[in-house]
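Geometric and topological summary
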2 protein chains.
Amino acid sequence: MIKLAVGIDIGGTNTAIGLVDRSGKVFYQTSIPSQTRENVEDYVFDLYGEIEKAKKTIDAEFELIGIGIGAPNANYYTGTIEEAPNLRWKGIIHFTKLFEKYYDVPIFITNDANAAAIGEMVYGGAKGMKNFVVITLGTGLGSGIVVNGKLLYGHDGFAGELGHIIVDANGRKCNCGRNGCLETYVSATGVVRTVFETLAYSNEPSELRGIPFTEMTSKRVAEATKENDPIALETIKKTARMLGEAIADITAITSPEAVFLFGGLTKSGRVLFDQVQYYKEKNMLSIFSNKTKLLSSQLGDDSAILGSSGLVWSEIGG
Amino acid sequence: MIKLAVGIDIGGTNTAIGLVDRSGKVFYQTSIPSQTRENVEDYVFDLYGEIEKAKKTIDAEFELIGIGIGAPNANYYTGTIEEAPNLRWKGIIHFTKLFEKYYDVPIFITNDANAAAIGEMVYGGAKGMKNFVVITLGTGLGSGIVVNGKLLYGHDGFAGELGHIIVDANGRKCNCGRNGCLETYVSATGVVRTVFETLAYSNEPSELRGIPFTEMTSKRVAEATKENDPIALETIKKTARMLGEAIADITAITSPEAVFLFGGLTKSGRVLFDQVQYYKEKNMLSIFSNKTKLLSSQLGDDSAILGSSGLVWSEIGG
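The rules behind each value
- Residues numbered from 1 in each chain as written.
- Chains lettered and ligands numbered in written order.
- Predicted model: local features only at pLDDT ≥ 70, side-chain atom pairs only at ≥ 80, totals over all residues.
- Contact = placed C-beta atoms within 7 Å.
- Helix = DSSP H or I, 4+ residues; strand = E, 2+ residues; numbered from the N terminus.
- Nonpolar A, V, L, I, M, F, W, Y, C, P; charged D, E, K, R; others polar.
- Least-squares fit on C-alpha atoms with pLDDT ≥ 70 in both.
- Domains from an automatic or database assignment.
- Pairing = 2+ DSSP bridges.
- Buried ≥ 20, exposed ≤ 12 C-beta atoms within 10 Å, placed from the backbone.
- Expected span 1.5 Å × (residues − 1).
- Core = buried A, V, L, I, M, F, W, Y, C linked by C-beta atoms within 7 Å.
- pLDDT = per-residue confidence, 0-100.

In this section: the interface of chain B and chain A. Contacts between chain B and chain A engage 33 residues on the former and 33 residues on the latter. Here the element with the most residues in the side of chain B that touches chain A is helix α6 (residues 230-254) of chain B; it accounts for five residues. A per-class count over the side of chain B that touches chain A returns 15 nonpolar, eleven polar and seven charged.

Attention now goes to the relation of the copies chain B and chain A. Look at the two chain copies: a rotation about an axis and a shift along it is all it takes to match them. For these two chains of identical sequence, chain B goes onto chain A by a turn of 180° and a shift of 0.0 Å along the axis, with RMSD 0.0 Å. In symmetry terms, the pair is related by a two-fold rotation axis. Ranked by how close their C-alpha atoms come to the rotation axis, the residues of chain B are headed by Val167(B), at 3.7 Å. Interface overlap between copies: 100% of the residues of chain B at the interface are likewise at the interface in chain A, consistent with a symmetric, same-surface contact.

Attention shifts here to the domain arrangement of chain A. Residue and element names in this part refer to chain A. Its domain assignment divides chain A into domain 1 (2-124 + 301-316) and domain 2 (132-298). Between the C-alpha centres of domain 1 and domain 2 the distance comes to 27 Å. Contacts between the two partners involve 15 residues from domain 1, matched on the other side by 16 residues from domain 2. With eight residues, the single largest contributor to the side of domain 1 that touches domain 2 is helix α3 (residues 112-122). Here the side of domain 1 that touches domain 2 is built from residues that sort into eight nonpolar, five polar and two charged.

What follows covers the sheet that holds strand β5 (residues 74-75) of chain B. Residues and elements named next belong to chain B. If you trace the three strands from one edge of the open sheet to the other, you get β5-β6-β7, paired in antiparallel fashion. Only two strands of the sheet have a single neighbouring strand rather than two, namely β5 and β7 (92-93). Relative to β7, strand β6 (residues 80-82) is paired through two bridges, and the arrangement is antiparallel. Across the sheet, residue Ile81 finds its bridge partner in β7, namely Ile93.

Attention now goes to unusual backbone geometry. For Ser255(A), which is not glycine, the phi dihedral falls at a positive 40°. Along the chain, Ser255(A) falls in the loop between α6 (230-254) and β12 (258-262). A residue is classified by how many C-beta atoms lie within 10 Å of it, and Ser255(A), with 25 of them, is buried. Unlike most non-glycine residues, Glu83(B) shows phi in positive territory, near 50°.

What follows is about helix α4 (residues 188-201) of chain A. Residue and element names in this part refer to chain A. If you check α4, its first and last C-alpha atoms are 20 Å apart, about what 14 residues at 1.5 Å a residue would give, namely 20 Å. What α4 keeps buried is the set Ala188, Thr189, Gly190, Val191, Val192, Thr194, Val195 and Thr198. Residues of α4 that are buried make contact with α5 (218-226) and α6.

In terms of nonpolar packing, the biggest core is built from 186 residues, with Ile69(A), Ile135(A), Leu182(A), Ala246(A), Ile69(B), Ile135(B) and Leu182(B) touching the most fellow members. Ignoring any residue separated from it by four or fewer positions in sequence, one finds Ile69(B) in contact with Ile8(B), Ile10(B), Ala74(B), Phe95(B), Phe108(B), Ile109(B) and Ser308(B).

Below, the discussion takes up the confidence of the model for chain A. Of all residues in chain A, 100% have pLDDT values of 70 or greater, and the mean over the chain is 95. Among the prediction metrics, the complex's ipTM stands at 0.93, with pTM recorded as 0.94.

Okay, here's the thing in C-alpha cells:
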C-alpha cells in the first residue's frame, strides 16, 4: 500500500492541493482560488472537497498519513494563521483545528518559506543536510533556517524573518511599517524599485526607460540583462550585492552548509546567481570563506505542493 | 558524594580554573597567566598541575565528572582551538586531546561566548529557556545562540559570530580585515572609537576632551555619563542604538525568548541598558514587539568558571 501525504499551499491568489509520496512523486494536484469565500470555514470545506475528489482519482491502494499546510504568517506551534496581510480572514485563525473536523490524521502547518526549506530537506538538494538556509525570492523575501536537522521556529514560532532585517535604517519604506528591510531591496518588488532608482541616477540609455512603474516586473529586468542593458545589469548587480551581504551575515550567525535560493526571482538566470556568489564571498568572514555553498532549489515546478507535503514526512517519518 | 565539574576559561591574558557543582557553587578557583609557555603542551601541563592542586584543597568526598573549557576560536565539534588571534599558539590545536593524556573523563570545549550562554542556561537567568541569545560585550562582541535548548553551532562549529555581521559596508576597519562589523561599534573598543567620532563632530564641552585615545576606556565614558557629560551620553546612545538594531535583527532571525547582555561594558549602568531596550523595540518587527526580554546576565563575578564548567553539566546532565 502506498503512503501519501496531502500538501496544501495557501497563497494570496491561489491554493495548491496535492497528494505526494515519500519520494516526492506527485500523484495528483489541483488548485483553487484562495479568496472567494468570506468565511474561512467555507474555504476549509472547499479544501476538504478537493482532497476527497483527489482521493477518488488515485488508481492504487493508498493510505493518507497526514496533511501539511504552508501558509503566510502560519505558526507551527499553535496551528494558527495570524494576521496574514494577504489573506481576507483577519485575526488569529486556528487553521489546523478547522481541518480536524474532517480528518483524523496528523495535521501540520508552517509558513511558506519554512515549507520550502522542509521540501528541500525531504525531497530536494538539502537531503541529508543538518544546517542550511532557504531564501525564497518572490514578491517578498522569506527564509527557512534549519539547525541540527530541525526548522528554527524560535520561542514563538515566527523565527526566520530574514526579509525583515534592516539593512538601511534610512532606507526604503517597507510594508511592515519600518524602513530599509532587506526585502525592500532583494525581492521581485525590490528589483523594480531598484530599476527606477538606477534610471534616476544614471543617464545611460535603456529600453527600461519606456516602461512605467506599474508595468515593470523583475522578469522584464532579467530579460533586459540578456541584451546587456546597462540599467538592468546595474540593477541585478545591486540586488546581488545586498543579497550576498545578507548571506554573509546569516552565515556568521548560523553557519549553514548551504544557502538555497528559491522562487521566481531566481529564474532570472545565471547573472544574478553568479553575482550573489561573488558578493557572498567578498563579504564573508574569513573563517567561513568558501565553506557555505550557494545552490538553487531543486524542487522544480511542484515546489509548493512538495514543501507543504514534506512537512508531514519530516514530522512522522515514513 | 559531591559531583564536581572543572571549568577552564582561557583568555588572552589570564586563564581561570575552578571546580563547580551542579548548582553553580564554586568550590575552588584560581588563575594563571595564559601566555608564559611557548609550547601549548607545557601550558596544558600547568593546567593539569592546577587542577590537581585544586583537588587536594577540597575538604569533602567528591567525584570529578568532566572538564569544560571556554577559549577563543574553540570548536566544539572538533575539540580544537583554531587560529586564535589573541593566543600565541598558532594553527589548529587539538586542545581536548592534549587533556586526555591526564584525565579519563569527558572533556568539552567551546568558544567563550558560547560558554557564557551555557553558563546562563545551566546556572543563570536562562534556566528553563529553550531559545535565547547571550551577547558578550568586552573588547569585542561575541554571541551564543541557543535554539531548542541547544547551542547553535552550525555546520562547522563556528556559528554565533554576531559581532561580525556588517552594519555599515563603508564603516570602521575591523580586526577581521573587513569594514563595518557590529563589534567595531558595539564593544568596549567600539565605545572608545565612538567617543572620538563624537568629539570630532560635536563642539560641546566634555571632560573627555582631555583624554588621549590610548587612555580612553569605556569605563571612563560610563563614569562621565553619571555627570551628564553630553559627549559620553551621545556615545552611549549611539552604541545602544546599534545594539538595539542588532537585537531586533537577531530576533527576526531566531525569535529568542530573551537576550542577555554579559560582560564589562554592561557594567556601565542603567543608561546603556535602558537605551538598548528603547532602540530594540523601536526597531522591532511588529510580530515580535514586546515579546523578547532584554536581561542582564545573572552569572556574576564567577562567570568565566561557570560558563566553562556549565558545559560539562549541559552535556552529561547530573
